[in-house]
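Structure assessment
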Amino acid sequence: MATVGTTKAESDRGLVVIGNGMAGCRAVEELLEREQGRYQVTIFGAEPHVNYNRIMLSPVLAGEKTFDEIVINDRAWYADNGIELIASDPVDAIDREAKTVTARSGRTVAYDKLLIATGSDPFIIPVPGKDLPGVITFRDMADVDHMLGAAEKGGNAVVIGGGLLGLEAAHGLTLRGMKVTVLHLPGTLMERQLDEAAGWLLKSALEARGQTILTKADTAEIVGEHHVEGVRLKDGTLIPASLVVMAVGIRPSVKLARDAGLEVGRGIKVDDHMVTSDPDVLAVGECVEHDGLVYGLVAPLWEMCRALADGLVERHSGYKGSVTSTKLKVAGLDVFSAGDFLGGDGAEDIVLRDASRGIYKRVVVKDDRVVGAVLYGDTSDGGWYFDLLKKGEDISPIRDMLIFGQAYASGGGQGDPSSAVAALSDDAEICGCNGVSKARVVQSIVGGAVSLDAVRSTCKASASCGSCTNLVEHLLSLTLGADYGGARTTKTLCKCTSFGHGDVRREIVAQGMRSIPEVMQKLHWSTPDGCSGCRPALNYYLLCALPGDYKDDQQSRFVNERMHANIQKDGTYSVVPRMWGGLTTPKELRAIADVVEKFNAPMVKVTGGQRLDIFGIKGEDLPAVWADLNAAGMVSGHAYGKSLRTVKTCVGTDWCRFGTQDSTGLGVKTEQMTWGSWMPHKFKIAVSGCPRNCAEATIKDFGVICVDSGYELHVGGNGGIKVRVTDLLCKVATEEEAMHYCAAFTQLYREEAHYLERTAPWIERIGLEYVKSRVVEDGEGRDALAARFLFSQRFTQDDPWAKRVAGEDAQFHQPLMMAAAE
Amino acid sequence: MTNWTDVGCVADIPVQGARNLQFGGQPVAVFRTVDDRIFALVDRCPHKAGPLSQGIVHGHTVSCPLHNWRIALVSGEAQGDDKGCTPVVPMRLDGDRILLGAPAALADAA
Ligand SMILES: Cc1cc2nc3c(=O)[nH]c(=O)nc-3n(C[C@H](O)[C@H](O)[C@H](O)COP(=O)(O)OP(=O)(O)OC[C@H]3O[C@@H](n4cnc5c(N)ncnc54)[C@H](O)[C@@H]3O)c2cc1C
Ligand code: SF4
Ligand code: FES
């Protein structure tokens, strides 16, 4: 209740505002618009400036604007409206009993109504060195001045945080001549606004501008004696820097309010008219929490300020919360995001990827309403989608055209895409990658190419990036009419793409693609982050194409490979250490026995591949089990992987009276050459010392049968569900040749099979003759294949267990609570 | 009234991954999706009780590591032609902290 309000004239009422920022001043503006002179206004500001447009600090940093250009209200505005601005004097305390505020200078001012608009405090990650000179945040004009000062000296800057703010800081500093590295903890830039695909495009674009972007980069400390000298990551990397900008997030600035006993959650709690738990105290802007939500963008503030002013003049509209959208203010990079961009249950994604123009658009639709959108490269329709979203309009009538944007969707007449294709002129380009015209496509269809694959192989249309696949299919159905079955002859890799495995593998190599999001973008994946079918396949294809370069994506691996152990039906794991060629020693047996006892493994079993399998190990015990096995010199047997499993052997000449060659020795050597290699599927080898074939080499992926005159090499066997006996590949005379052919064959399979296709179905699909032509008849080709295999082995023959024992990816093994208990 | 227990922070969960824990006498999986959302389910696949925390996370679903059923993270329901549901664990975020709902609520669900 306004105690003095009844005795004083209306115009004498005192409104004190704490915070001369965007919300505080806008609230006053709204109020003045409704009723001049109702309140005597005093504004306290911590900063020395008049009210300026904070979001324009980024352009000021980038040199696109000056401070004067971003001032919203100059001195004259304060004077004209009789507002007293007390700048450079932050309020330190609120006394709600006495209804006064006291600032740092000691000045005390009484209020009838108090408005708190203190905004946010930047979050500082609590690492050693955070208080060193040269470590700053990006919040106000003083920060910008600091950055400009540092940039004048040049050198290296590190920006911690790859969100909106961090990227704008990085952009400005780059333009000012600094060498900038952005450190971002999540795997995707701007992960709160962008999905992985758009984040990847953004990252590539920033890298092309000379910035270094490190994702999954966890800061350990900021180093330096008297001033920052660099940033050290948890993985040990040291990045030199003379300036460190922390832009990892903001927290509502609530200290004053809390100290004054107001109700505070994440922000100062307000009702629909921005009134706090004290009816004479209002709050607005980033410092408030409304209906459980806090906001970090300006659009909601405007709505809050309107509701606040309405309330103060006793009009009752009220604030109902806001939906927000975001744009990145970095010249030439168009990024837009709004609403819920991964819609979850019942939501459908409509995705458009245009690789050659660098465009990615995704609209999320749920119950025929737009609920979210992410646009990259072309954001011109952002406003339109946002409008549809806010209004909750039924989009079913324009659904087919929604993704093409407003101009197209409201074009009406173009409703039928087939007729649009029919209307294209003969020389219209259908396939941009290969420069194929409509006439050329029609000609090859008429000439007998009656399926998409046939068109792809005859005239190359749609054979590269695939973005014209729809056009080609329309031409097929227009040209063939009822004769076009529509069915594709090769199966697609999964429902996320129109490409088959072979196409994807070929394009990865041809276009030199380097990451899963890149493949998804360039090949027009229809889902944001794929599925459990394509992600493991792409991960393998990239691994195979870029040995040593590609960084394996653990989250795209099935659990067995992620955990380097076999998951069993009760959720425990089994562990198989490598026993080369099936040989073992007392020391190894003792180590295994000790592990079994120590970890109460309920069972040990000899496997079909002559190894020992220890069952019933808990996920969190795995590193300790491996540590013990490693200590006895044993490494992972990869019994869990799409990789070389075992080389099974018989005893051969050493002991057996029939043996013709040293099959055990050859088996051991072969295993040492091939272990650790990732494959399209599991891969087994065996070496038998004579045609009695005790090692069952004729049902292995690669089998060797030793004979008097040398070695018979067999391929494509399978002892699984569908038993298949090997085909004879050829005969060679020496052990060296046997191993060389083995390497070449293995690499051919690694490079050309589909993911999850074992050698048996692979050979039945491509034919034995083809394998022979590559591995037996073409000597040079064979050497090259073997060389590529051995090259890639240089990067994979380190024991994954040892890395885990050393602490890599420890989080996969610890239950979450442990982290909480720290 | 739900009692909330702090079980860790968002950064503890790998993106497109999960962590598990025992909570209220139940195995619970806490997932983090590509868009940085957090979900919590009882860590038991409705098919044959596979540990969902060990599956591949894509979109807002997880594929079970045992037989590849796809489970929606929001509802715990099996997708596609499969039928079944695992209980959703009450979860809320306080800033970066992950809070799980009272064991009582879980026991009811189970
Ligand atoms: C570099 C940058 C770029 C941005 N870009 C965008 C964008 O593109 N789009 C968008 O929507 N949003 C953007 N934002 C966010 C936007 O600026 C904020 O949402 C908005 O400024 C919040 O308004 P506010 O009034 O609540 O807080 P502020 O504008 O921060 O104002 C709070 C003011 O209160 C003062 N203050 C704090 N405590 C006291 C005290 N005790 N006594 C006196 N004064 C005090 C502060 O000094 C400050 O001046 C950006 C922010 C930054 C920093
Ligand atoms: S395969 Fe021949 S050499 Fe090997 S153990 Fe059997 S009989 Fe002996
Ligand atoms: S237990 Fe999950 S799919 Fe079978």
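Residues numbered from 1 in each chain as written. Chains lettered and ligands numbered in written order. Predicted model: local features only at pLDDT ≥ 70, side-chain atom pairs only at ≥ 80, totals over all residues. Heavy atoms only, no water.

**Here we look at the overall build of chain B**
A count of helices and strands for chain B gives one helix and nine strands. Sequence-ordered secondary structure for chain B, helices as α and strands as β, is β-β-β-β-β-β-β-β-β-α. Residue burial in chain B is summarised as follows: out of 110 residues, 56% are buried. Pairs at least 24 residues apart make up 39% of the contacts formed inside chain B by residues separated by at least 6 positions. Counting only carbon and sulfur atoms, one obtains 47% of the accessible surface of chain B, whose full area is about 4,200 Å². (Helix = DSSP H or I, 4+ residues; strand = E, 2+ residues; numbered from the N terminus. Buried < 20%, exposed > 50% of the residue type's maximum accessible area, 1.4 Å probe, protein only. Contact = heavy atoms within 4.5 Å. Areas by Shrake-Rupley, 256 points an atom, 1.4 Å probe, with all protein chains shown as cover.)

**Re the overall build of chain A**
Looking only at helices and strands, chain A has 28 helices and 36 strands in total. A total of 822 residues make up chain A; the buried ones form 54% of that total. If you take every contact in chain A between residues at least 6 apart in sequence, the share linking residues at least 24 apart comes to 62%. Accessible surface, chain A as shown: approximately 34,300 Å² in total, 51% of it carbon and sulfur.

**Re the packing of aromatic side chains**
Inspection of every chain in the model, using the stated rule, returns 13 aromatic pairs over all chains. An angle of 45 degrees between the planes, with centres 5.2 Å apart, marks the rings of Trp384(A) and Tyr385(A) as tilted. Judged by relative accessible area, which is 14%, Trp384(A) ranks as buried. Relative to Phe745(A), the ring of Phe702(A) has its centre 5.9 Å away and its plane inclined at 35 degrees; by these criteria the two rings are tilted. One end of the pair, Phe702(A), is in strand 34 (residues 702–707); the other, Phe745(A), is in helix 23 (residues 735–752), with 43 residues separating them in the sequence. Counting every residue linked through ring pairs, the aromatic cluster contains Phe683(A), Phe702(A), Phe745(A), Tyr749(A) and Trp762(A). In this structure, Arg26(A) is placed above the aromatic ring of Trp302(A), and the distance from its NZ or CZ to the ring centre is 4.0 Å. Positioned above the aromatic ring of Trp4(B), the side-chain terminus of Arg92(B) is 5.0 Å from the ring centre. (Phe/Tyr/Trp six-rings, centres within 6.5 Å; stacked < 30°, edge-to-face > 60°. Lys NZ or Arg CZ within 6 Å of the ring centre and 35° of its normal.)

**Brief notes about the site of ligand 2**
Neighbouring residues of ligand 2: Cys650(A), Cys656(A), Phe658(A), Gly659(A), Gly689(A), Cys690(A), Arg692(A), Asn693(A) and Cys694(A). In terms of residue class, the shell around ligand 2 is made up of five nonpolar, three polar and one charged. (Near = heavy atom within 4 Å. Nonpolar A, V, L, I, M, F, W, Y, C, P; charged D, E, K, R; others polar.)

**Digging into helix 1 (residues 22–34) of chain A**
Residue and element names in this part refer to chain A. The first and last C-alpha atoms of helix 1 sit 19 Å apart over 13 residues, in line with the 18 Å expected at 1.5 Å per residue. Within helix 1, ten of the 13 residues are buried, which leaves it mostly tucked inside the rest of the structure. Listed as buried for helix 1 are Met-22, Ala-23, Gly-24, Cys-25, Ala-27, Val-28, Glu-30, Leu-31, Leu-32 and Arg-34. Close packing links the buried residues of helix 1 with strand 1 (13–18), strand 2 (39–44), helix 3 (75–80), strand 7 (113–116) and helix 8 (298–312). (Expected span 1.5 Å × (residues − 1).)

**As for the site of ligand 1**
Residue and element names in this part refer to chain A. Neighbouring ligand 1 are 30 residues, the closest being Ala-23, Glu-47, Arg-139, Glu-286 and Lys-329. Residue Ala-23 places a main-chain N or O atom 2.7 Å away from an oxygen atom belonging to ligand 1. A distance of 2.8 Å separates an oxygen atom of ligand 1 from a polar atom in the side chain of Arg-54. When ligand 1 is considered free in solution it has 990 Å² of accessible area, and contact with the protein chains removes 90% of it. When the residues that make up the shell around ligand 1 are grouped by side-chain class, the tally is 16 nonpolar, eight polar and six charged. (Polar contact = N/O pair within 3.5 Å; in protein donor to acceptor, adjacent residues only side chain to side chain.)

**Side note on the confidence of the model for chain A**
On average, chain A scores 88 in pLDDT, and the residues at 70 or more come to 94%. Counting interchain partners and residues more than four positions distant, the pLDDT-below-50 stretch residues 1–11 of chain A has eleven contacts. (pLDDT = per-residue confidence, 0-100.)

**Focus on the sheet that holds strand 21 (residues 325–327) of chain A**
All names here are of chain A. With respect to topology, five strands assemble into an open sheet ordered 21-22-25-24-23, the strand pairing being antiparallel. Here the strands that pair on one side only, and so sit at the sheet edges, are strand 21 and strand 23 (347–354). Averaged over all pairs of adjacent strands, the angle between their axes in this sheet comes to 15 degrees, without regard to strand direction. Relative to strand 25 (residues 369–376), strand 22 (residues 335–339) runs antiparallel, the two being bridged by five bridges. Note on strand 25: the bridge partner recorded for Phe-336 is Leu-375. Packed onto the sheet, helix 6 (residues 196–208) meets strand 22, strand 23, strand 24 (359–366) and strand 25 and runs at close to 20 degrees relative to strand 25. (Pairing = 2+ DSSP bridges. Axes fitted to C-alpha atoms, helices over the stretch in contact; angles between N-to-C directions.)

**Focus on the side chain of Thr664(A)**
By secondary structure assignment, the location of Thr664(A) is in helix 22 (residues 663–674). At 3.1 Å, the side chain of Thr664(A) forms a polar contact with the backbone oxygen of Val651(A).

**Looking at the sheet that holds strand 2 of chain A**
All names here are of chain A. What the five strands build is an open sheet, ordered 3-2-1-7-19; its pairing is parallel. Of all the strands in the sheet, just strand 3 (84–86) and strand 19 (281–283) have a single pairing partner and so form its edges. On average, each strand axis in the sheet is inclined to that of its neighbour by 20 degrees, with strand direction left out of account. The pairing of strand 1 with strand 7 spans four bridges and is parallel. Looking at the pairing, Val-16 lines up with Leu-114 of strand 7.

**Some points on a negative patch on the surface**
All names here are of chain A. A surface patch of negative charge is lined by Glu-769, Glu-777, Asp-778, Glu-780 and Asp-783. Sorting the residues of the negative patch by element identifies helix 25 (768–777) and helix 26 (779–796) as the ones contributing at least two each. Summarising the element assignment, Asp-783 is placed in helix 26. (Patch = residues over 30% accessible without salt bridge, like charges linked within 9 Å, V, L, I, M, F, W, Y side chains within 5 Å. Salt bridge = Lys/Arg side-chain N within 4 Å of Asp/Glu carboxyl O. Lys, Arg positive; Asp, Glu negative; His and termini not counted. Charge placed at Lys NZ, Arg CZ, Asp CG, Glu CD.)

**Describing the interface of chain B and chain A**
Counting residues at the interface gives 42 residues for chain B and 40 residues for chain A. Interface area, chain B with chain A, both sides summed: about 3,100 Å², of which 56% is carbon and sulfur. When the area that chain B buries against chain A is broken down by residue, the three leading residues are Gln16(B), Arg19(B) and Ile56(B), summing to 21%. Linking chain B to chain A there are one salt bridge. The salt bridge involving Asp36(B) is made with Arg192(A); its shortest N-O contact spans 3.7 Å. Going through the elements one at a time, strand 1 (5–9), strand 2 (17–23), strand 3 (26–32) and strand 5 (56–58) of chain B are the ones with two or more residues in the side of chain B that touches chain A. When its residues are assigned to classes, the side of chain B that touches chain A shows 16 nonpolar, 17 polar and nine charged. (Buried area = accessible area lost by both parts, 1.4 Å probe.)

**Focus on the nonpolar core**
Taken as a class, soluble globular proteins show a tendency for nonpolar side chains to be buried jointly. Residue and element names in this part refer to chain A. If you look at the biggest cluster of nonpolar residues, it comprises 55 residues, and the most contacted ones within it are Ile-43, Ile-94, Val-101, Leu-114, Ile-116 and Val-284. Setting aside residues no more than four positions away along its own chain, Ile-116 makes contact with Ile-18, Ile-94, Ala-257, Leu-262, Ile-268, Val-281, Leu-282, Ala-283, Val-284 and Cys-287. Ranked by size, the runner-up nonpolar core spans 48 residues in total, among them Leu-523, Leu-538, Leu-543 and Val-559. (Core = buried A, V, L, I, M, F, W, Y, C linked by side-chain atoms within 4.5 Å.)

**As for the pattern of salt bridges**
Residues and elements named next belong to chain A. Under the criterion given, the structure shown has 50 salt bridges over all chains. Here Lys-99 makes a salt bridge to Asp-280, at a shortest N to O gap of 2.8 Å. With Lys-99 in the loop between strand 4 (91–95) and strand 5 (100–103) and Asp-280 in the loop between strand 18 (268–270) and strand 19, this residue pair connects regions lying 181 residues apart in the sequence. Judged on exposure class, the residue Lys-99 and its partner Asp-280 are both buried. A salt bridge links Glu-286 to Arg-139; the shortest N-O distance between them is 2.9 Å. Placement of Glu-286 in the loop between strand 19 and strand 20 (288–290) and of Arg-139 in the loop between strand 9 (135–137) and helix 4 (141–152) is noted, with a sequence separation of 147 residues between them. Like Arg-139, Glu-286 is buried. Via salt bridges that share partners, Arg-26, Glu-29, Glu-30, Arg-34 and Asp-310 belong to a single interconnected network.

**Thoughts on the packing of helix 22 of chain A against helix 23 of chain A**
Residue and element names in this part refer to chain A. Where helix 22 contacts helix 23, the two axes come as close as 11 Å, and the packing angle between them is 35 degrees. Two packed elements cross with a definite hand, and for helix 22 against helix 23 that hand is right-handed. In contact with Leu-666, Lys-669, Thr-670, Met-673 and Thr-674 of helix 22, helix 23 contributes Glu-735, Met-739, Cys-742 and Ala-743. When its residues are assigned to classes, the contact of helix 22 with helix 23 shows five nonpolar, two polar and two charged. (Left-handed = near helix turned anticlockwise from the far one by under 90°.)

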